[in-house]
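# Topology and contacts: notes
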Amino acid sequence: MHETDFIVIGSGIAGLRAAVELGRAGSVLILTKDELTESSTKYAQGGVAVALSDDDEIALHFEDTLRAGAGLCDPEAVRVLVQEGPQYVRELMEWGCRFDRVGDRLEFGKEAAHSRRRIVHAQGDATGREIVRTLLERVRELPRVRILPHAFALRLLVREGQCEGVQYVDMRARTSHTVHARAVILATGGAGHIYAQTTNPDVVTGEGMAMAYEVGALLADMEFVQFHPTALHQEGAPRFLLSEALRGEGGVLRNRFGERFMLRYHEQAELAPRDVVARAIVSELHRTQAECVYLDLTHLPANVLRERFPRIYETCWRYGLDMTREWIPVSPAAHYFMGGVRTDLEGWTGIAGLFAAGEVSCTGVHGANRLASNSLLEGLVFGARAARRALSTPSPSISATWPGLSPEEALIDQVIAERIRTLMWDAVGLIRHGDALRLAVDELEKLRAAASTLATRHMATVAWLVARAALFREESRGAHFRTDFPIPDDARWRCHSLQHCERGIFTHPIGTEVFS
Ligand code: FAD
Ligand code: SIN
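So, here is what we can say about the structure in this document. (Residues numbered from 1 in each chain as written. Chains lettered and ligands numbered in written order. Predicted model: local features only at pLDDT ≥ 70, side-chain atom pairs only at ≥ 80, totals over all residues. Heavy atoms only, no water.)

### A word on the site of ligand 1
Around ligand 1 sit 38 residues in total, of which Thr-41, Gly-47, Glu-359, Ser-375 and Leu-376 are the nearest. A distance of 3.0 Å is found between a nitrogen atom of ligand 1 and a side-chain nitrogen or oxygen belonging to Glu-207. Elements with a contribution of two residues or more to the shell around ligand 1: α1 (13-23), α2 (40-43), β10 (151-159), β18 (328-337) and α12 (374-391). Its residues placed into classes, the shell around ligand 1 shows 14 nonpolar, 19 polar and 5 charged. (Near = heavy atom within 4 Å. Polar contact = N/O pair within 3.5 Å; in protein donor to acceptor, adjacent residues only side chain to side chain. Helix = DSSP H or I, 4+ residues; strand = E, 2+ residues; numbered from the N terminus. Nonpolar A, V, L, I, M, F, W, Y, C, P; charged D, E, K, R; others polar.)

So this is what it looks like as structure tokens:
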């Protein structure tokens, strides 16, 4: 058994930013499932949305975020994000983060549903890598922060409403451990890998959400899963992301007959909100009996494409595609979770000593649909805020000993995992219907009960929470689309969904305190 002041689970943007804050004041242990740089953050391409350009305003970023969120954002959370965002991005630059510049001024990219060029990026399309490098350098300067890679957290130790620590498995030594702390910050990211098709790296399977649910935290808005319209669709290649910034720079979508179909679906065409583009692609795939559509960049100057998107260019090249000369096959894939562990504006989960920040959390910032490139910003702002609040947490009196955890609990039953991924993609994907959702909820309940390890059960739990919320919300809004309830129903559903292990599923009004 060990002890530390603070535990951070996850080494993406939210976890690292939190650790910088905590490490100034106490001892910190960062547990992370794989190599310490492995996270969604590392793969982020487009950049960070922040109102820093001369022709931009915080009020415009605020409005764009609310509009994308389709009536479900908590305005106060959005205000914190857009108002505090610039100071945290400036701080990152002071710490050595090299965002791209034209001369001595920041270069701003354009992405869907933004009314301004607002996205700062690094090395063209390697923004996440640069942010991780910067934050890790900062963390390593703090002698009281210890990072433990290959440490798979599986259980939160909560007794009588108080979080006392974490149990994890050291995946290399195959040993299990119990660590006690004053406060735990969950920064485990989203859950893309509960879907058969995802842009997310393998580490993103949603344990943070499941662990929190099991100990009585509230899970909010789990039905809202964002599908990115343009993941590479090529035999033998991973579902590599083709950044929305490519469409921001003029890329267009074509169907198998070469038709630029987005003009028929939305006045903003390829720069319509992400959910609109993703659904338009699915509809086009059905209409043309095709498996993919194409991203056409061939009309853009080749040298600009190679310089602005070097990583994407190289990856396409590796899979035999020259994006300056040929159309790139793409289709949608699960990308981002708007829902997650419900927190207040300081990352508190309602359980003493337990905080959450980044994609694992639901602060109310994203509503029903995240505005592109708002999540890195959220990780920075709310990672820091959660940490500051955690600093004032008093030490718990450790109650009694906890039963040990078998290292076997970290193993995933691949048969169950595959079934979950297929079921989620088929029944709880971009286009949903009550009949299929009902069957999915039933089957996921059975898979949850059949799971023989904690890691497998966590995956089934998150999938079940998403399916149950999707069945509960009898309307279509933002990223949640049901053919049996195809229009938004403000009178009944302009509210959050909340799930609790004892209280079931219920609604909660927008913009009001969850924890009183
Ligand atoms: P992550 O960065 O996902 O980090 C999660 C961490 O938790 C990882 O270190 C993981 O190993 C660890 N972890 C998970 N489970 C456990 C466990 N049980 N035990 C121990 N450790 C665990 N957003 C933008 O704003 N702009 C972009 O340009 C952008 N591009 C993207 C491109 C891609 C390909 C992807 C996948 C996402 C992109 N996003 C982008 C979304 C954004 O990257 C993520 O939402 C954000 O990075 C999440 O940060 P995080 O710190 O919450 O989690
Ligand atoms: C992208 O570059 O298209 C991803 C941006 C995001 O997910 O915010």
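Back to the write-up after that little detour.
### Overview of the sheet that holds strand β2 (residues 6-9)
A sheet is described by the order of its strands in space; here 5 strands give the open sequence β9-β3-β2-β13-β20, paired in parallel fashion. Edge positions in the sheet fall to β9 (145-148) and β20 (354-356), since each of these pairs with one other strand and no more. For this sheet, the mean inter-axis angle between neighbouring strands, taken without regard to orientation, is 20°. With 3 bridges connecting them, strand β13 (residues 183-186) and β20 associate as parallel partners. Note on β20: the bridge partner recorded for Ile-185 is Phe-355. (Pairing = 2+ DSSP bridges. Axes fitted to C-alpha atoms, helices over the stretch in contact; angles between N-to-C directions.)

### Focus: the pattern of salt bridges
Overall, the coordinates contain 43 salt bridges when judged by the stated rule. Salt bridges sharing partners connect three or more residues here, namely Arg-17, Glu-21, Arg-24, Glu-91 and Arg-388. (Salt bridge = Lys/Arg side-chain N within 4 Å of Asp/Glu carboxyl O.)

### Focus on helix α4 (residues 75-94)
Since one α-helical turn is 3.6 residues long, residues separated by three or four positions face the same way. Taking 1.5 Å per residue, 20 residues should reach 28 Å; α4 reaches 29 Å between its end C-alpha atoms and fits that length. Maximum bend of α4: about 40°, positioned at Gly-85, with proline Pro-86 one to four residues after it. Every buried residue belonging to α4 is among Ala-77, Val-78, Val-80, Leu-81, Val-82, Glu-84, Gly-85, Pro-86, Tyr-88, Val-89, Glu-91 and Leu-92, and all of these are buried. Turning to α4, the residues buried within the fold contact α1, β4 (48-49), α3 (58-68), β8 (119-120), α5 (127-140) and α12. Of the residues trailing α4, Gly-96 is marked for its positive phi of about 110°. (Expected span 1.5 Å × (residues − 1). Bend = angle between axes of the 7 residues up to and from the residue. Buried < 20%, exposed > 50% of the residue type's maximum accessible area, 1.4 Å probe, protein only. Contact = heavy atoms within 4.5 Å.)

Any functional reading would require information beyond the geometric quantities listed.
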